[in-house]
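# Observations on the model geometry
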Amino acid sequence: MKYWRGYLVAAILAACTWGFREIAATHTKLVDMIYPYITRLVQNFMTGWSSGVDFCVWQAILLALVVAAFASIVLMIIFKWNPIQWFGWILAVASLILLLHTGIYGMNVYAGSIADDIRLQEADCSQDQMEAAAIYYRDKANELSEKVARNADGTVKLSTLAQLNETAVDGFKHLVYEDYYSVFAGTTLPVKELGMAELFTAKGLMGVTIPITGEAAVNMEAPSVMIPFAICREMCYRMSIASGIDKHFGAFLACQANENADFRYAAYVMAYRYCLNALPENVASTVNAQADAKLREDVAVWDEFVAPAEALQAELASKEGLKDNTGREIAELLTRWHYQEVILPAITEP
């Protein structure tokens, strides 16, 4: 029986995780009313704890666990431990980590959408509306393209990460105190720089947030035009905005609400990219012909960087017999926002 204790513990922990998810999935309104506020408090506490050091604590913990796993393999060989028993306890540790993640953050995926939180009106996203949104974002990005500082090679020239973190706070303050969007009332403590960035670059990842330690981190190897957006996106995730679609839209809102040109430019490049990619090729080609050359280059660089991540996402969806509509859904949110915040006010003006 002692050989199976690890498996028993793993099974119990896995059952608890499954139970939490089932309860959340069947009581989404209750989850939306209570859970995000609790997890936001937890994230505030964990971020305050982990912000005492510049490096990512979760990476140090992960490295320690890997070393411990290899050390246990060596000890298992030396002392002739039962490998079946050893693997059971490895599963138990993995199950415990999954349970912790689910308990302190993971059920946010069952909470309401950010569109509901910001009172975004329902609207049909026709091709004409999406084209109009793409043109709006293109023109805004065109205007800002000449205002952002650039390096000799034409890439966007940014401040340090510390300065960008300070600037990012302004956009969230605007959303909370002027637009009254309480969903953004989470911690805005500094986002960290990812260690071993080359590993994340190869996967097309601009940032990672680990709720267990409350750490949001950005990949500083990502194209500079993306960095302000990446900072806001990871801050959104830390604010319990868990959906990939919602944290992209939330980052757009935070960037466009910022008075800093680098953040606003990142917002409009991102929005233009998603709306453009959602249009038929012939329409997109016509719209893109009027884009500034620097804007077209920035969009191309953004496309190239995230291609591995988006390809993997599409592959995983395909294996489940689904079509990955993430890009389309983000474009629809951006189109609805454009209609509500730009088109409707222009129509109703006296």
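Below is a short write-up of the structure. (Residues numbered from 1 in each chain as written. Predicted model: local features only at pLDDT ≥ 70, side-chain atom pairs only at ≥ 80, totals over all residues. Heavy atoms only, no water.)

### Description of the overall build of the chain
The condition that has to hold: Each helix is a run of H or I in the DSSP string that is no shorter than four residues. Each strand is a run of E no shorter than two, and both are numbered from the N terminus. Our radius of gyration looks at C-alpha atoms and nothing else; its globule reference is 2.2 Å times the residue count to the power 0.38. Residues are treated as being in contact if the distance between any of their heavy atoms lies within 4.5 Å. In this description, accessible areas are obtained by the Shrake-Rupley approach with a 1.4 Å probe, and a residue is regarded as covered only by the protein chains that are shown. Note that His is not counted, nor are the chain ends; the positive residues are Lys and Arg, and the negative ones are Asp and Glu. For the purpose of locating charges, the reference atoms are NZ of Lys, CZ of Arg, CG of Asp and CD of Glu.
For the chain, the count of helices and strands is 14 helices and three strands. By the compact-globule yardstick of 20 Å for 350 residues, the chain fits well, its C-alpha radius of gyration being 22 Å. The dimensions of the chain, computed from C-alpha atoms along their principal axes, are 80 × 50 × 40 Å. Contacts in the chain between residues at least 24 apart in sequence constitute 79% of all its contacts with a sequence separation of at least 6. Just so you have it, the chain exposes about 18,000 Å², and 61% of that area is on carbon and sulfur atoms. In the chain, the 26 positive side-chain charges and the 39 negative ones have mean positions that sit 7 Å from each other.

### Details of the pattern of salt bridges
Quick reminder of the rule: The term salt bridge refers to a side-chain nitrogen of Lys or Arg lying within 4 Å of a carboxyl oxygen of Asp or Glu. The buried label applies to any residue whose accessible area, calculated with a 1.4 Å probe on protein chains only, is under 20% of its type's maximum; exposed applies above 50%, and partly exposed to all values in between.
Using the criterion set out here, one finds 11 salt bridges in the structure. Between E234 and R233 there is a salt bridge, with the nearest N and O atoms lying 2.7 Å from each other. The class of R233 is buried, set by a relative accessible area of 9%. Taken together, the shared-partner salt bridges connect R273, D303 and E310 into one network.

### Things to note about the sheet that holds strand 2 (residues 207-210)
Quick note on the threshold: Strand pairing follows a simple DSSP-based rule, namely that at least 2 bridges must link the two strands.
Reading across from one edge, 1-3-2 is the order of the three strands in this open sheet, with mixed pairing throughout. Edge positions in the open sheet fall to strand 1 (192-193) and strand 2, since each of these has one partner strand only. One ladder, built from four bridges, connects strand 2 with strand 3 (residues 215-218); its direction is antiparallel. The residue of strand 3 that forms the bridge with T209 is A216.

### Things to note about the nonpolar core
Stated formally: Nonpolar core, defined: a set of buried Ala, Val, Leu, Ile, Met, Phe, Trp, Tyr and Cys residues in which side-chain atoms within 4.5 Å join the residues together.
Ranked by size, the top nonpolar core spans 75 residues in total, and within it Y137, F184, F249, F252 and L334 carry the most contacts. With 13 residues, helix 11 (residues 261-278) is the single largest residue contributor to this core. One finds W58, L194, V208 and A217 within the second-largest nonpolar core, a separate group that totals six residues.

### Comments concerning the environment of F200
As for its position among the elements, F200 is in helix 8 (residues 197-202). Among all residues touching F200, those that are not within four sequence positions of it are W58, Q59, L194, G195, L205, V208 and N219.

### Observations concerning the packing of aromatic side chains
Filter applied, for reference: Between 30 and 60 degrees the pair is tilted, below 30 it is stacked and above 60 it is edge-to-face, where a pair is any two Phe, Tyr or Trp rings, Trp via its six-membered ring, whose centres lie within 6.5 Å.
This structure, assessed with the given rule, holds 14 aromatic pairs. Arranged with centres 4.9 Å apart and planes meeting at 40°, the rings of Y105 and Y237 form a pair that is tilted. With a gap of 132 residues between them, Y105 in the loop between helix 4 (83-104) and helix 5 (114-117) and Y237 in helix 9 (residues 227-238) connect regions that are remote in the sequence. An aromatic cluster is defined as three or more aromatic residues linked by ring pairs; in this entry it consists of Y136, Y137, F249, F252, Y268 and W337.

### Things to note about helix 11
Worth spelling out the cut-off: One less than the number of residues in a helix, times 1.5 Å, gives the span that helix is expected to have. Whenever two N or O atoms come within 3.5 Å, that pair is a polar contact, provided that in protein one can donate a hydrogen and the other can accept it, and provided that, for residues adjacent in sequence, both atoms are side-chain atoms.
The terminal C-alpha atoms of helix 11 lie 26 Å apart, and with 18 residues this matches the ideal 26 Å at 1.5 Å per residue to within 8%. Most of helix 11 is tucked away, with 15 of its 18 residues classed as buried. Two or three places before D262, at the opening of helix 11, N260 has a side-chain oxygen 2.9 Å from that residue's backbone nitrogen.

### A short note on the layout of surface pockets
Empty space among the atoms becomes visible once a probe the size of a water molecule is rolled across them. What counts here: A pocket, in this scheme, is an open set of points on a 1 Å grid over the protein atoms alone with protein on both sides within 12 Å along at least 5 of 7 lines, while a cavity is a set where a 1.4 Å probe fits but cannot get out; residues line either one if an atom lies within 4 Å of a point. Grid points are joined across faces, edges and corners, and a volume is the space filled by probe spheres set on the points. Polar here means any residue other than Ala, Val, Leu, Ile, Met, Phe, Trp, Tyr, Cys and Pro, which are nonpolar, and Asp, Glu, Lys and Arg, which are charged; Gly is therefore polar.
Approximately 740 Å³ is the volume attributed to the largest pocket. Surrounding the largest pocket, 26 residues form its lining, Y274, E310, Q313, D324 and T326 being those nearest its centre. Contributing elements (two or more residues each) for the lining of the largest pocket: helix 10 (244-256), helix 11, helix 13 (293-319) and helix 14 (326-348). Tallying contributions element by element places helix 13 first for the lining of the largest pocket, with six residues. Looking at the lining of the largest pocket residue by residue, the classes come out as nine nonpolar, nine polar and eight charged. Computed from the structure, the second largest pocket encloses a volume of approximately 360 Å³. Around the second largest pocket, the lining residues are W58, I61, L62, L65, I97, L98, L100, H101, I210, I212 and T213. Listed by contribution, the elements that provide at least two residues to the lining of the second largest pocket are helix 3 (57-79) and helix 4.

### Looking at helix 14
We apply this condition: The term bend refers to the angle at a residue between two fitted axes, each drawn through seven residues, those ending there and those starting there.
For helix 14, built from 23 residues, the straight-helix expectation of 33 Å at 1.5 Å per residue is met to within 8% by its first-to-last C-alpha distance of 32 Å. Roughly 35° is the biggest bend found in helix 14, and it falls at Y339.

### A short note on the side chain of S95
Mapped onto the elements, S95 comes out in helix 4. Judged by relative accessible area, S95 falls into the buried class, the value being 13%.

Purely geometric stuff here, so don't read any function into it on its own.
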